[in-house]
Amino acid sequence: MDTMRERFAPVVSRMLDEDPRVAVVLAEIGKDGFREAMARHPDRVINVGIREQLLVGAAAGLALTGLRPVVHTFASFLVERPFEQVKLDLGHQEAGAVLVSAAASFDWPAGGYTHMSPGDVALLDTLDGWTVHVPGHPDEAETLLHHAVAAGDDKVYVRLSVQSNRRGRVIDGRRLVTVREGRAGVVVAVGPMLDTVLAATEGLDVTVLYATTVRPLDTAGLRRATQAAGTDVVLVEPYLAGTSTAAVSEALSDVPHRVLGLGVGRRELRRYGTVEEHVAAHGLDARSLRGRIGAFVRAQGRVAAGV
Amino acid sequence: MTITADHGRTHGYDDLPGLMGLMTGDEKHGPAATSTLDVLWVLYDRVLRVTPRRRDDPARDRFLLSKGHGPMAYYAVLAAKGFVPVDWLPGFGAYDSPLGHHPDRVLVPGAEIASGSLGHGLPIAVGTALGLRAQGLRDPAVWVLIGDAELDEGSNHEAIAFAGPAGLERLHTIVVDNSSASHARPGGIAARFEAAGWSAVTVDGRDHEALYDAFTAPHPGRPHVVVARVEPKTA
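All values derive from a computational prediction rather than experimental measurement. (Residues numbered from 1 in each chain as written. Chains lettered and ligands numbered in written order. Predicted model: local features only at pLDDT ≥ 70, side-chain atom pairs only at ≥ 80, totals over all residues.)

1. A word on the overall build of chain B
Part 1 of the argument: What chain B contains, in helices and strands, is eight helices and five strands.
Part 2 of the argument: Written out in order from the N terminus, the α and β elements of chain B read α-α-α-β-α-α-β-α-β-α-β-α-β.
Part 3 of the argument: Relative to the compact-globule value of 18 Å for 235 residues, chain B shows a C-alpha radius of gyration of 17 Å, a close match.
Part 4 of the argument: Taken along its principal axes, the extent of the C-alpha atoms in chain B is 50 × 45 × 35 Å.
Part 5 of the argument: The burial tally for chain B puts 48% of its 235 residues in the buried class.
Part 6 of the argument: Taking all contacts inside chain B whose residues are at least 6 apart in sequence as the whole, residues at least 24 apart take part in 75%. (Helix = DSSP H or I, 4+ residues; strand = E, 2+ residues; numbered from the N terminus. Rg over C-alpha atoms; globule rule 2.2 N^0.38 Å. Buried ≥ 20, exposed ≤ 12 C-beta atoms within 10 Å, placed from the backbone. Contact = placed C-beta atoms within 7 Å.)

Written out as structure tokens, the structure is:
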């Protein structure tokens, strides 16, 4: 199976062929995938070199002339390093763009902390008007890239990762998908966390919702799920733990509720190794999740069958 | 001279102190407030192909004020040229005024970008030039005005280093040099641009003919910078 990132270049290259509004802006990273597209559309595939402030600033300029820029590099260099450009050149200027990141929270653990961006979604949460897609499979990434580019002049973030579920689901770029129904709590699995969450909650009497679009959060779908499953909500996110806790609390602000936000820890591990080792170190493997979700749900006194 | 309403009358250069006075309450302005005034006037009066009626025309010239500090001269020129109603000027900086101490493109007719945080205009201008080129609009010129101290911001150097080799011929930068950078070498500004392959001219930023000549100098295949020297900020 290809990775989301391997899917990205051919999908967007076809968009360049079909839609004269689409432009791609790169900062060296990812340019090989666009070699043919760059030959066909030299004015619409732009590599600015290793210059990430210019990457986002130039994208804003393209948007102000009416184009639809798709901007790509690793998440640390797309959202964190040029954050003020994201805030001002896109947000304050009212210029739209599609930011597509790679490397996620720890896709390249041997690369160390400089190439890890667990805080990207939380940072975007400080800004207004961003749509955030977190696909869990290359097929979903393709679908969400189409939604993102087609979203007028909206500001859209698409977070690609090498972490992936075994199969893609039918998603609509907006709503939560109900994967399993139970009565003792709601577990929201975001993007690549779904397979692990399903394994972790096997036999637990919980509803599992699948989120590939986290901003705006499908609050209506979440509220609907809590009607049968109660208002104990567990979030399992592939980025900073608790990133969506405020969004869930806001959705349930008029009813008593509990929220457990699971995800990547803040503490810098200073470890290299593999993705699996980092998943385990952050307590995001199936066994750890089962313990943490089970304890949270049981704490309300509703012991699920089979635990 | 009475400037109480904008009835489509034509304003001239001599009206600018009065228009600025509507914002500042005084017709006398120090060098810092007027450092950009002559550059802006020559551009809007003789160079830029943009009018209030054409401000959404895809083929218009674009002027991006990157140095958003001290925008009274900019607002005065926009008012003189009919982009902004003169009766907006006295509200300068007020809660419900569109005219802030840094301009906002969403609020100010004719303002191509919002500015205030230094170092954003030139990268956006690069993208604007690229976007026009990608759409086959080879004629419109893109202008960006920055300050000499604003050049301290590294984002400018990302844009300068890219635009030269990329051959962005329709990109023009004006550096208003009022010696406000704390660390600078004489001649350093033009040299930076030239090293990146730009065409560069340094002129007296108060001399309208010299400015006009510098703005209209041919620069085939290369972006162009005009360094406009004015009185030191601290003078």
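2. Regarding the UniProt feature "domain: Transketolase-like pyrimidine-binding" (unreviewed entry) in chain A
Part 1 of the argument: Under the UniProt annotation, the feature "domain: Transketolase-like pyrimidine-binding" (unreviewed entry) is placed at residues 2–167 of chain A.
Part 2 of the argument: Each end of residues 2–167 of chain A is marked by a C-alpha atom, and these two atoms are 12 Å apart; helix forms 41% of the span and strand 18%. (UniProt positions renumbered as here; feature names shortened; annotations may be inferred.)

3. Focus: the interface of chain A and chain B
Part 1 of the argument: Taken together, the contacts link 25 residues of chain A with 23 residues of chain B.
Part 2 of the argument: Top contributing element to the side of chain A that touches chain B by residue count: helix α3 (residues 52–64) of chain A, with nine residues.
Part 3 of the argument: Here the residues of the side of chain A that touches chain B sort into 11 nonpolar, eight polar and six charged. (Nonpolar A, V, L, I, M, F, W, Y, C, P; charged D, E, K, R; others polar.)

4. Some thoughts on the sheet that holds strand β6 (residues 155–159) of chain A
All names here are of chain A.
Part 1 of the argument: Spatially, seven strands are ordered β2-β1-β3-β4-β6-β5-β10 in an open sheet, and the strand pairing comes out mixed. Each of the sheet's edge strands pairs with one partner strand only, and the pair in question is β2 (45–47) and β10 (213–215). Pairwise comparison of adjacent strand axes, ignoring direction, gives a mean angle of 20° for this sheet.
Part 2 of the argument: The sheet contact formed by strand β4 (residues 97–102) and β6 spans five bridges and is parallel. If you follow Ala-97 over to β6, its bridge partner there is Lys-155.
Part 3 of the argument: Of the strands in this sheet, β1 (22–26), β3 (68–74), β4, β5 (130–133) and β6 touch helix α7 (residues 138–150), which is tilted by about 165° from β6. (Pairing = 2+ DSSP bridges. Axes fitted to C-alpha atoms, helices over the stretch in contact; angles between N-to-C directions.)

5. Concerning the domain arrangement of chain A
Residue and element names in this part refer to chain A.
Part 1 of the argument: For chain A, the domain assignment lists domain 1 (4–159) and domain 2 (177–298).
Part 2 of the argument: Listed as interface residues are 23 residues of domain 1 and, on the opposing side, 20 residues of domain 2.
Part 3 of the argument: Broken down by secondary-structure element, the contributors of at least two residues to the side of domain 1 that touches domain 2 are α6 (120–124), β5 and α7.
Part 4 of the argument: Residue contributions to the side of domain 1 that touches domain 2 peak at four residues, all from β5.
Part 5 of the argument: When its residues are assigned to classes, the side of domain 1 that touches domain 2 shows 13 nonpolar, six polar and four charged. (Domains from an automatic or database assignment.)

6. Here's the deal with the sheet that holds strand β11 (residues 232–240) of chain A
Residues and elements named next belong to chain A.
Part 1 of the argument: One open sheet holds the five strands; their spatial order is β7-β9-β8-β11-β12, and the pairing between them is mixed. Bordering the open sheet on either side are β7 (177–180) and β12 (258–264), each of which pairs with just one other strand. The average undirected angle you get between the axes of adjacent strands in this sheet is 25°.
Part 2 of the argument: Summarising the sheet, β7 and strand β9 (residues 207–211) pair through three bridges and their orientation is antiparallel. Within β9, the residue paired with Thr-178 across the bridge is Leu-209.
Part 3 of the argument: On top of the sheet, helix α9 (residues 219–229) reaches β7, β8 (186–190) and β9; it is set at about 170° to β9, its chief contact.
Part 4 of the argument: Helix α12 (residues 286–298) rests against β8, β11 and β12 of the sheet, and its axis sits at about 150° to β11.

7. Considering the nonpolar core
Part 1 of the argument: Counting residues in each nonpolar core, the largest one holds 166 residues, and the members touching the most others are Val-25, Val-71 and Val-236 of chain A together with Val-126 of chain B.
Part 2 of the argument: Here this core spans two domains, since at least three of its residues come from each of domain 1 (4–159) and domain 2 (177–298) of chain A.
Part 3 of the argument: In this structure, Val-25 of chain A is in contact with Ile-46, Val-48, Leu-55, Ala-58, Ala-59, Leu-62, Pro-69 and Val-71 of chain A, ignoring residues within four places of it in sequence. (Core = buried A, V, L, I, M, F, W, Y, C linked by C-beta atoms within 7 Å.)

8. A few points about unusual backbone geometry
Residues and elements named next belong to chain A.
Part 1 of the argument: With an omega of -10°, the peptide bond running from Arg-215 to Pro-216 counts as cis.
Part 2 of the argument: Along the chain, Pro-216 falls in the loop between β10 and α9.
Part 3 of the argument: Despite not being glycine, Ala-103 shows a phi value in the positive range, around 85°.
Part 4 of the argument: The residue Ala-103 is located in the loop between β4 and α6 in this model.

9. Some details on the UniProt feature "domain: Transketolase N-terminal" (unreviewed entry) in chain B
Part 1 of the argument: When the UniProt feature table is mapped to this numbering, "domain: Transketolase N-terminal" (unreviewed entry) covers residues 29–217 of chain B.
Part 2 of the argument: In residues 29–217 of chain B, helix accounts for 34% and strand for 12%; the two terminal C-alpha atoms are 31 Å from one another.

10. Points about the packing of helix α1 (residues 16–24) of chain B against helix α4 (residues 72–80) of chain B
In helix packing, the relevant descriptors are the interaxial angle and the interaxial distance, both defined with respect to the helix axes.
All names here are of chain B.
Part 1 of the argument: Look at α1 against α4: their axes get within 9 Å of each other, and the N-to-C directions meet at 120°. Here α4 runs oblique to α1, going by the angle between their axes. For the element pair α1 and α4, the recorded crossing hand is right-handed. On α4, the residues touching Leu-16, Leu-19, Met-20, Met-23 and Thr-24 of α1 are Met-72, Ala-73, Tyr-75, Ala-76, Val-77, Ala-79 and Ala-80.
Part 2 of the argument: A breakdown of the residues in the contact of α1 with α4 according to their chemical character gives 11 nonpolar, one polar and no charged. (Parallel < 35°, antiparallel > 145°, perpendicular 65-115°, else oblique. Left-handed = near helix turned anticlockwise from the far one by under 90°.)

11. Section: the packing of helix α3 (residues 37–47) of chain B against helix α8 (residues 208–216) of chain B
All names here are of chain B.
Part 1 of the argument: One can describe the packing of α3 onto α8 by two numbers: an axis separation of 10 Å at closest approach and a directional angle of 60°. Our classification of the angle between α3 and α8 gives oblique. α8 is crossed by α3, and the crossing has right-handed handedness. Two secondary-structure elements touch here, α3 through Asp-38, Val-39, Val-42, Leu-43, Arg-46 and Val-47 and α8 through His-208, Leu-211, Tyr-212, Phe-215 and Thr-216.

12. Focus: the pairing of β5 of chain A
Residues and elements named next belong to chain A.
Part 1 of the argument: Residues Trp-130 and Val-132 of β5 are buried on one face, and the alternating residues Thr-131 and His-133, pointing to the opposite face, are buried as well.
Part 2 of the argument: Strand direction decides the pairing type here: β5 and β6, joined by four bridges, are parallel. Bridging from a neighbouring strand, Thr-131 pairs with Val-156 of β6.
Part 3 of the argument: Each parallel crossover has a hand, and for β5 linked through α7 to β6 it is right-handed.
Part 4 of the argument: In terms of strand pairing, β5 meets β10 through two bridges, oriented antiparallel. When the sheet's bridge partners are listed, His-133 is paired in β10 with Thr-213. (Right-handed = clockwise from strand over helix to strand, strands pointing away.)

13. Describing α7 of chain A
Residues and elements named next belong to chain A.
Part 1 of the argument: In this model α7 runs 18 Å from its N-terminal to its C-terminal C-alpha over 13 residues, within 8% of the 18 Å that 1.5 Å per residue would give.
Part 2 of the argument: Taken as a whole, α7 has its buried residues at Pro-138, Asp-139, Glu-140, Ala-141, Thr-143, Leu-144, Leu-145, His-147, Ala-148 and Val-149.
Part 3 of the argument: Along its buried surface, α7 packs onto α1 (4–18), β1, β3, β4, β5 and β6.
Part 4 of the argument: Where α7 ends, the next residue or the one after it, Gly-152, has phi of about 55°, a positive value. (Expected span 1.5 Å × (residues − 1).)

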